[in-house]
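Spelled out from the first residue to the last, the chains are:
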Amino acid sequence: MEKKSELYAGKAKSVYNTDEADKLILQFRDDTSAFDGEKIEQLARKGMVNNKFNAFIMQKLEEAGVPTHFERLLSDTESVVKKLEMLPVECVVRNIAAGSIVRRLGVEEGIDLDPPTFEFFLKDDARHDPMINEYHIRTFGWATEAEIEQMKALTFRVNEVLKALFCDAGLLLVDYKLEYGRFEGRIILGDEFTPDGCRLWDAQTRDKLDKDRFRQGIGGVVEAYEAVARRLGVSLD
Ligand code: C5P
């Protein structure tokens, strides 16, 4: 496969066109950003760890019947994915209260959320990704009714699959963000699933093993990602 022009550069990943019209190359960089790009640092090995972590999770999700854009690993930091027409919304499920829900609703960090909550956010850095609801999505045409239902169903299916996967590795899946796109008339999981876009706590100690270590300046960010990967059996060689 031939890597062509850069299609898009995000805060932590770059996307390239390829010689195949319906395939892209996703490159995971070492850049790490928080607070809508206000805090940015390079963390050695993070691109490699996230690329392999994402490949492992996407394959587990495919096996469980969740359609994803992931095709194959291309190199240590690159993967081949299907080219989707991305929907401009983020889907967040929370099993335990942390992050913005604590700030917004004044609930205590660490309490179980049963049933888990589901929230939509608009992908719009300049407006700090505001929370939106299904009416906004329909009114502004960001997705159809059927697509909204598919995103919710798939995002909760991901919760079932990954809660169990992380639980077996002694980890709590606190929350996570997913993004979807259209491919040949259906909705498919796009973007990534890595510790950059979810919260993972050690089940015993409740140590944070995700990007909150970067956001909160705790340190040992990539080391924590690698520890999670090892516990899941992700090969980082
Ligand atoms: O900040 P908040 O608590 O709303 O984030 C919920 C989850 O979504 C967290 O796991 C966070 O890492 C993820 N997220 C993300 N990208 C965003 C916003 C949130 O990956 N733009």
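Bear in mind that the values here come from a model prediction, so they are computed numbers and not experimental data.

Novice: How would you summarise the site of the ligand if you had to cite specific residues and measurements?
Specialist: The environment of the ligand is formed by 13 residues, the closest being Gly99, Ser100, Lys177, Gly197 and Arg199. Mapped onto the shell around the ligand, the elements with two or more residues apiece are β9 (89–96), α2 (100–105), β12 (171–178) and β15 (198–202). For the shell around the ligand, the element with the highest residue contribution is β12, accounting for three residues. Here the residues of the shell around the ligand sort into four nonpolar, three polar and six charged.

Novice: Account for the sheet that holds strand β13 (residues 180–183), naming residues and giving values.
Specialist: Read across the open sheet, the three strands follow the order β8-β13-β14; overall the sheet is antiparallel. The sheet is open, and its two edges are formed by β8 (85–86) and β14 (186–189), each paired on a single side. Pairing analysis gives two bridges linking β8 to β13, with the strands arranged antiparallel. What sits directly across from Met86, in β13, is Gly181. Sitting on the sheet, helix α4 (residues 145–168) is in contact with β13 and β14, with an inclination near 30 degrees to β14.

Novice: Go over the domain arrangement of the protein chain, please, and point to the residues and values.
Specialist: Split into domains, the protein chain comes out as domain 1 (3–82) and domain 2 (85–220). Computed from C-alpha atoms alone, the centre-to-centre distance between domain 1 and domain 2 is 18 Å. Each side of the interface is counted separately: domain 1 has 19 residues, and domain 2 has 20 residues. Those elements that provide at least two residues to the side of domain 1 that touches domain 2 are β4 (31–34) and α1 (46–63).

Novice: Kindly report on the sheet that holds strand β2 (residues 13–18), identifying the contributing residues and their values.
Specialist: As summarised here, the arrangement of the five strands in space is β1-β2-β3-β7-β6, forming an open sheet in which the pairing is antiparallel. Two strands lie at the open edges of the sheet, namely β1 (3–9) and β6 (70–73), each paired on one side alone. In this sheet, neighbouring strand axes are inclined to one another by 30 degrees on average, regardless of whether the strands run parallel or antiparallel. Where β1 and β2 come together, four bridges link them in antiparallel fashion. Bridging across to β2, Lys3 finds its partner in Thr18.

Cut-off values and rules
Residues numbered from 1 in each chain as written. Predicted model: local features only at pLDDT ≥ 70, side-chain atom pairs only at ≥ 80, totals over all residues. Near = placed C-beta within 6 Å. Helix = DSSP H or I, 4+ residues; strand = E, 2+ residues; numbered from the N terminus. Nonpolar A, V, L, I, M, F, W, Y, C, P; charged D, E, K, R; others polar. Pairing = 2+ DSSP bridges. Contact = placed C-beta atoms within 7 Å. Axes fitted to C-alpha atoms, helices over the stretch in contact; angles between N-to-C directions. Domains from an automatic or database assignment.

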